[in-house]
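# Observations on the model geometry
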Amino acid sequence: MAFADEITQTIRGVCRPLAIILYGEKRTLSTDKLKAASVCIIVPNDTDKHALQHTLYLAIVADVPVNLTLYTVQEWDALTEDETSYAAWIRRKGRVLYEQGA
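For the structure given in this document, a descriptive report is provided here. These figures come from a predicted structure and were not determined experimentally. Per-chain numbering applies: the sequence of each chain, read as written, is numbered from 1 onward. Per-residue local features of the predicted model are confined to residues with pLDDT of at least 70, and side-chain atom pairs are confined, for both listing and counting, to 80 or more; whole-chain, interface and lining totals are unaffected and use all residues. Values shown for side chains rest on all heavy atoms present in the structure; no hydrogens or waters enter the calculation.

## Notes on the pattern of salt bridges
- In the sections that follow, a salt bridge refers to a side-chain nitrogen of Lys or Arg positioned within 4 Å of a carboxyl oxygen of Asp or Glu. Evaluated as defined, the whole model comprises four salt bridges.
- In this structure, Lys-49 and Glu-75 form a salt bridge, with 2.7 Å as the shortest nitrogen-oxygen distance. You can see Lys-49 sitting in helix H2 (residues 49-59) and its partner Glu-75 sitting in helix H3 (residues 73-80), a full 26 residues away along the chain.
- Judged by its relative accessible area of 24%, Lys-49 is partly exposed.
- Buried residues are those whose accessible area, probed at 1.4 Å on protein chains only, stays under 20% of the maximum for their type, while exposed residues exceed 50% and partly exposed ones sit between those limits. Relative accessible area serves as the criterion here: at 30%, Glu-75 is assigned to the partly exposed category.
- The partner of Arg-91 in a salt bridge is Glu-83, with the nearest N and O atoms 2.8 Å apart. To qualify as a helix, a DSSP run of H or I must reach at least 4 residues; to qualify as a strand, a run of E must reach at least 2; elements of each kind are numbered from the N terminus.

Everything listed here is a matter of geometry and, on its own, says nothing about what the molecule does.
Structure follows, in structure tokens:
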């Protein structure tokens, strides 16, 4: 199973994200093998992000380091309105792995 599918399945098994976005992949030049990944997760507004992030880091089993960034829907909506924000950059550059209702 590919990394993107595995991480999506794991995240969805732990919580009910509204979206999962892969926004960073570091790969080796010679083999194109994945060395590290960054994933953004959009969660409901009432989510305890700190506790969820801790749970996700424990649940994710990967051969490479995985960086998780979590935003609530309210944070995501507000931050993506500012095109200079990190969230807006993730929205522009990232690849949506999962979107609720999509």
